[in-house]
Amino acid sequence: MWSLSKPVIRVGLSQQALTVARMPRFGVGSVGAVEQLACLQVAIASTDPTEPWRAAVERLAQWLADHKDQRFAVQVVLSGRFVRWQLLPWRIELSGRAELTAYAALRFRETYGKAVQGWNILPAALAPGCTAPAAAVDSTLVQALTQVCEAQGAQLQELTPYFSSAFDAWHSRLKGKAAWFGTVEADTFTLGLLQGGQWTALQTQRLSGDWRAPLPALMAQIALACDLPEGVVPLFLAGDMAAPAAQSTLPFTWLAPLQVAERAAPGLRLALGR
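Cut-offs used in this document
- Residues numbered from 1 in each chain as written.
- Predicted model: local features only at pLDDT ≥ 70, side-chain atom pairs only at ≥ 80, totals over all residues.
- Heavy atoms only, no water.
- Helix = DSSP H or I, 4+ residues; strand = E, 2+ residues; numbered from the N terminus.
- Polar contact = N/O pair within 3.5 Å; in protein donor to acceptor, adjacent residues only side chain to side chain.
- Buried < 20%, exposed > 50% of the residue type's maximum accessible area, 1.4 Å probe, protein only.
- Contact = heavy atoms within 4.5 Å.
- Axes fitted to C-alpha atoms, helices over the stretch in contact; angles between N-to-C directions.
- Parallel < 35°, antiparallel > 145°, perpendicular 65-115°, else oblique.
- Nonpolar A, V, L, I, M, F, W, Y, C, P; charged D, E, K, R; others polar.
- Pairing = 2+ DSSP bridges.
- Phe/Tyr/Trp six-rings, centres within 6.5 Å; stacked < 30°, edge-to-face > 60°.
- Expected span 1.5 Å × (residues − 1).

1. Digging into the side chain of Arg 10
Piece 1. Of note, Arg 10 is situated in strand 1 (residues 8-13).
Piece 2. Only 3.1 Å separates the side chain of Arg 10 from the side chain of Gln 75, close enough to count as a polar contact.

2. So, the side chain of Ser 139
Piece 1. Summarising the element assignment, Ser 139 is placed in helix 4 (residues 139-151).
Piece 2. Owing to a relative accessible area of 12%, Ser 139 belongs among the buried residues under this scheme.
Piece 3. Discounting residues that sit within four places of it in the chain, Ser 139 has contacts with Gly 118, Trp 119 and Asn 120.

3. Quick notes on the environment of Gln 15
Piece 1. In this fold, Gln 15 is placed in the loop between strand 1 and strand 2 (17-22).
Piece 2. With 37 residues separating them along the chain, Gln 15 and Pro 52 place their C-alpha atoms 6.1 Å apart.
Piece 3. Side chain to side chain, Gln 15 and Arg 81 meet in a polar contact 3.3 Å long.

4. Observations concerning the packing of helix 2 (residues 54-66) against helix 4
Piece 1. Where helix 2 meets helix 4, the closest approach of the two axes is 9 Å, and the angle between their N-to-C directions is 10°. Accordingly, the angle class assigned to the pair helix 2 and helix 4 is roughly parallel. For the pair helix 2 and helix 4, the contacting residues are Arg 54, Val 57, Leu 60, Ala 61 and Leu 64 in the first and Leu 141, Ala 144, Leu 145, Val 148 and Cys 149 in the second.
Piece 2. Tallied by class, the residues present in the contact of helix 2 with helix 4 amount to nine nonpolar, no polar and one charged.

5. Here we look at the pairing of strand 12 (residues 235-239)
Piece 1. Most of strand 12 sits inside the fold, with five of its five residues counted as buried.
Piece 2. Pairing between strand 12 and strand 13 (residues 253-254): two bridges, direction parallel. Bridging across to strand 13, Phe 236 finds its partner in Thr 253.

6. Quick word on the packing of aromatic side chains
Piece 1. Within the structure shown, the criterion is met by 11 aromatic pairs.
Piece 2. Plain terms: the ring middles of Tyr 112 and Trp 119 are 5.0 Å apart, the flat faces sit at 70° to each other, and that makes the pair edge-to-face.
Piece 3. By relative accessible area, Tyr 112 is classed as partly exposed at 35%.
Piece 4. The interplanar angle of 50° and the centroid separation of 5.5 Å between the aromatic rings of Phe 163 and Trp 199 together place this pair among those described as tilted. In this pair, Phe 163 is assigned in helix 5 (residues 162-170) and Trp 199 in strand 11 (residues 198-206), connecting sequence segments 36 residues apart.
Piece 5. Judged by relative accessible area, which is 5%, Phe 163 ranks as buried.

7. Digging into the sheet that holds strand 10 (residues 188-195)
Piece 1. Read across the sheet, five strands follow the order 11-10-9-12-13 without closing on themselves; strand pairing throughout is mixed. Unpaired on one side and paired on the other, strand 11 and strand 13 mark the two borders of the sheet.
Piece 2. Direction of pairing for strand 9 (residues 178-184) relative to strand 12: parallel, over a ladder of five bridges. Of the residues in strand 12, the one forming a bridge with Phe 181 is Phe 236.
Piece 3. Lying over the sheet, helix 5 contacts strand 9, strand 10, strand 11 and strand 12, oriented at roughly 130° with respect to strand 9.
Piece 4. Set on the sheet, helix 6 (residues 215-225) makes contact with strand 9, strand 10, strand 11 and strand 12; between it and strand 10 the angle comes to about 35°.

8. So, helix 3 (residues 97-112)
Piece 1. Across its 16 residues, helix 3 extends 22 Å between first and last C-alpha, which sits within 8% of the 22 Å expected from 1.5 Å per residue.
Piece 2. By the burial criterion, the buried members of helix 3 are Leu 100, Tyr 103, Ala 104, Ala 105 and Phe 108.
Piece 3. Packed against the buried residues of helix 3 are strand 5 (84-88), strand 6 (119-123) and strand 7 (132-138).
Piece 4. A positive phi of about 75° marks Gly 113, the residue just after helix 3.

Shape is all these values report; function is a separate question.
Structural data, given as structure tokens:
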């Protein structure tokens, strides 16, 4: 839902680039101007490797300063590079958002230790009897985005991981009792397994080359851990890149927007969350 009082921009934030897309008023019409600002070389030169997002946030600050008279509502989609995931098993005794967040924080702490103290935990709602994904984002990143927007008279309206946004956009295409769903980016691959309508696995893997090289091993590892029944489970992929060539050794369905412009503009699929 777009803001009725402010022009809206969708921002794709990755280590490689910042992509800014102007959205149509009231959600009607085509996406307007799209700008992509390179960040990777600045990020590599950063003296603080614990903040790989810093260069992109600084690019956003400059962009908003250059357009300060328009006072945008800002909707940010985060690269999987900046997000960690946990799956939360159903707990009947949990009631209320605070208890769910505390439960999610405990699960993250079991995996990552004290580092969780510096993270914002964002759990999805727990449906009865189902697992639910929870995302964790560096608190300093959330604070930096909030401060940048406020300083330029903008409003940080949304902050969404690319994987969850893309899944919301494409989940109707994932038919059948079991399916793989993944998002492909330049340096990150996030892969989830759905069985019986709920997540049974969700992992993110850093990439140093072609994403197709480590994918079969990751799928095999997850399938073994989840006791996936034998048979072909379809693989659906979305990604911030041109559609990759099909190959017989790793069949998949590439999910692409109908609008050619949304498929072609660099970084736009990340910004739009699909």
